[in-house]
Amino acid sequence: MSCARVVNDSRGDGINCEMMKERCNVLLKAPFTNCSVDPQPFITACTNLLCNYTDTDGLFCHLLDAYARSCGLEDWGEEFGCSDTGCFEKQCLYDNEFCGLSLGGDARCFCRSSYAAPYRANGTLGDDTVCVSKSASVSLVGCLLEEKGIDIPSLRLNDPNCTGVQDLATNKVTFTFSDTDHCAANVSINGSRIIYANTIMTPGDTGDIINREDQLSIHFSCTYAQPQVQTMSLKILDSSVVKVIDAGEWAYVLKMTAYTDVNLLSALDSGTQLHLNDYLWIQAKATEVDKQLMALVIEDCWATKEAQANATQRYNLISNGCSDEETVTVVSNGEGLASVFSLRVFQFVGSTTDVYLHCDTKLCLKSTNCTKTALDGVGRRWTALDGVGRRGTALDGVGRRWTAWDGVGRRWTAWDGVGLVETPVNSMSL
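What comes next is a walk through the structure. (Residues numbered from 1 in each chain as written. Predicted model: local features only at pLDDT ≥ 70, side-chain atom pairs only at ≥ 80, totals over all residues. Heavy atoms only, no water.)

### Some remarks on the overall build of the chain
A count of helical and extended segments in the chain gives 5 helices and 23 strands. Accessible area for the chain stands at about 23700 Å²; split by element, carbon and sulfur atoms hold 49% of it. (Helix = DSSP H or I, 4+ residues; strand = E, 2+ residues; numbered from the N terminus. Areas by Shrake-Rupley, 256 points an atom, 1.4 Å probe, with all protein chains shown as cover.)

Written out as structure tokens, the structure reads:
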């Protein structure tokens, strides 16, 4: 203890002060009688403290130890239920802590009862989980961890590189993960909610068959509503449109851009000359969201001759993530934060007005398999064969039509830029 530090604790109720005086008067008995230092100031301090505060903080042994050290006495504690605390060699720097002995006899910084009471009542080692803006954090109390013999610097999350940050003002240790640095969090879906979960733990298996260090494993999580479907609209003659999404816990940027080439290098601009049947590639892309966990899915796309997405006359292009029109090819969908489809330029019958594209998009948790279709070995998309071997057809990435046969040795054909190509599916032949 330091005389320069003032600690305001509530007074203990039901304390028998006469009994406390009798306990403190042991300083008048052996082995303390051999000491030349006046014991009365120590007795007075002991009585004042124990008459007002319970002995749960080990005050009695600390007070006897203070007098014994002033006299140079050693090996005195066992007779009075105290051991040599060694706490003058260990500094407890916070007002809510005091030095005491563990069951193993080593000096530790224990929490004061008044400070630790709310945590002990709830059976916790720290504060509740804080969930804000796609991040989760938990603060643990340093002295509660030290009481249990937990090596604070060794604590970490699922990712060993994610360790706690100690607040030197409060001696609390805070562990945090977010959507941009999720520290190997486990992400799952429960109904309409997305759950981010992680664990504060001591180091894992060391290979030994026994262990003498206390182990810790604290699970915590944050739950968010799944992102809602967002509608994007793009006038065919425009290059791109950007929409900033701020929906509760989910804030991200959504962009839809039209390109004139399959490699998405030449964005459409006001000077581009378009003709009917020209190919366009449309990319929907999300940014400022975790690309390791989330993917962007195009659910539906349609065209109108008016700017309003809910216009009465509409022409469906994509439904439930798949092409709804023979000249529309879904190049990629739900594989990452960018999804692409191609189409051929058209106009509404009897109209020369602008054509507007509208797409419903949503963020999808990758672990739930967001993709709608699959790529073949050369990047073309094709439909699956049914159980009797009938063939399916699809458009490749530049809009050409090709056909595929089943896997029993029959060949598939496709038109490339120079003519008809025939390639065997496997080593069998007819």
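Picking up where we left off.
### Observations concerning the packing of aromatic side chains
All told, the structure shown has 9 aromatic pairs when counted by the stated rule. Seen in terms of ring centroids, F32 and Y67 are 5.9 Å apart; in terms of plane orientation they differ by 50 degrees. Their pairing is tilted. Residue F32 is located in the loop between α1 (17–24) and α2 (40–52), and its partner Y67 is located in helix α3 (residues 59–71); the two are separated by 35 residues in the primary sequence. Since its relative accessible area comes to 1%, F32 is described here as buried. Look at Y67 and you get buried, because its relative accessible area is 1%. Above the plane of the ring of W302 lies R314, whose end atom (NZ or CZ) is 4.2 Å from the centre. (Phe/Tyr/Trp six-rings, centres within 6.5 Å; stacked < 30°, edge-to-face > 60°. Buried < 20%, exposed > 50% of the residue type's maximum accessible area, 1.4 Å probe, protein only. Lys NZ or Arg CZ within 6 Å of the ring centre and 35° of its normal.)

### Things to note about the state of the cysteines
Scanning all chains against the criterion turns up 9 disulfides. Sulfur-sulfur distance for the disulfide between C301 and C359 comes to 2.0 Å. Sign of the S-S torsion, about 110 degrees for the bond between C301 and C359, identifies this disulfide as right-handed. With C301 in strand β14 (residues 294–304) and C359 in strand β19 (residues 356–365), the pair connects residues that are 58 residues apart, well separated along the chain. The exposure class of C301 is buried, given its relative accessible area of 1%. C364 shares a disulfide with C370; S-S distance 2.1 Å. Taking the sign of the S-S torsion, -90 degrees for the link of C364 and C370, the bridge is left-handed. For the pair formed by C364 and C370, the shared burial category is buried. (Disulfide = S-S within 2.5 Å.)

### Thoughts on the nonpolar core
M294 and F341 are the most contacted members of the largest nonpolar core, which has 61 residues in total. Broken down by element, the residue count for this core peaks at 5 residues, all from β14. One finds V26, F32, C35 and L64 within the second-largest nonpolar core, a separate group that totals 20 residues. (Core = buried A, V, L, I, M, F, W, Y, C linked by side-chain atoms within 4.5 Å.)

### Points about α3
Taking 1.5 Å per residue, 13 residues should reach 18 Å; α3 reaches 19 Å between its end C-alpha atoms and fits that length. G72 lies just past α3 and shows a positive phi near 80 degrees. (Expected span 1.5 Å × (residues − 1).)

### Quick notes on the sheet that holds β19
Read across the open sheet, the 5 strands follow the order β10-β19-β14-β15-β16; overall the sheet is antiparallel. Edge positions in the sheet fall to β10 (230–235) and β16 (322–323), since each has one partner strand and no second. Relative to β19, β14 runs antiparallel, the two sharing 10 bridges. When the sheet's bridge partners are listed, A303 is paired in β19 with L357. (Pairing = 2+ DSSP bridges.)

### Considerations on unusual backbone geometry
Cis rather than trans, the peptide bond between A30 and P31 has omega equal to 10 degrees. One can find P31 in the loop between α1 and α2. In this structure, L264 is a non-glycine residue whose phi angle is positive, near 60 degrees. On the secondary structure map, L264 appears in the loop between β12 (250–259) and β13 (279–287). Its identity is not glycine, yet N320 carries a phi of approximately 50 degrees, on the positive side. Take N320: it is sitting in the loop between β15 (315–319) and β16.

### Regarding the pairing of strand β8 (residues 193–201)
The buried count for β8 comes to 7 of 9 residues, which makes it a mostly enclosed element. What sits between strand β7 (residues 186–190) and β8 in their antiparallel hairpin is a turn of 2 residues, with G191 showing a positive phi close to 65 degrees.

### Points about the pairing of strand β6 (residues 172–178)
By the criterion of burial, β6 is predominantly enclosed, with 5 of the 7 residues buried. Note that strand β4 (residues 135–141) and β6 share 7 bridges and pair antiparallel. Within β6, the position partnered with V141 by the bridge is K172. The pairing of strand β5 (residues 165–167) with β6 spans 3 bridges and is classified as antiparallel. Paired with V165 across the bridge in β6 is T174. Hairpin connection of β5 to β6: 4 residues between the antiparallel strands, including N171 at a positive phi of 60 degrees.

### So, the packing of α2 against α3
Running from N to C, α2 and α3 point in directions that differ by 170 degrees, and their axes come no closer than 10 Å. Of the possible angle classes, the one that applies to α2 and α3 is roughly antiparallel. Judged by residue contacts, F42, C46, L49 and L50 of α2 engage L59, F60, L63, A66, Y67 and S70 from α3. Split by residue class, the contact of α2 with α3 holds 9 nonpolar, 1 polar and no charged. (Axes fitted to C-alpha atoms, helices over the stretch in contact; angles between N-to-C directions. Parallel < 35°, antiparallel > 145°, perpendicular 65-115°, else oblique. Contact = heavy atoms within 4.5 Å. Nonpolar A, V, L, I, M, F, W, Y, C, P; charged D, E, K, R; others polar.)

### Describing the packing of α1 against α2
Where α1 contacts α2, the two axes come as close as 9 Å, and the packing angle between them is 150 degrees. Taken together, the axis directions place α1 and α2 in an arrangement best described as roughly antiparallel. Considering how the two elements wind past one another, α1 and α2 form a crossing that is right-handed. Contact residues: α1 offers C17, M20, K21 and C24, while α2 offers I43, C46, T47, L50 and C51. Its residues assigned to classes, the contact of α1 with α2 shows 7 nonpolar, 1 polar and 1 charged. (Left-handed = near helix turned anticlockwise from the far one by under 90°.)

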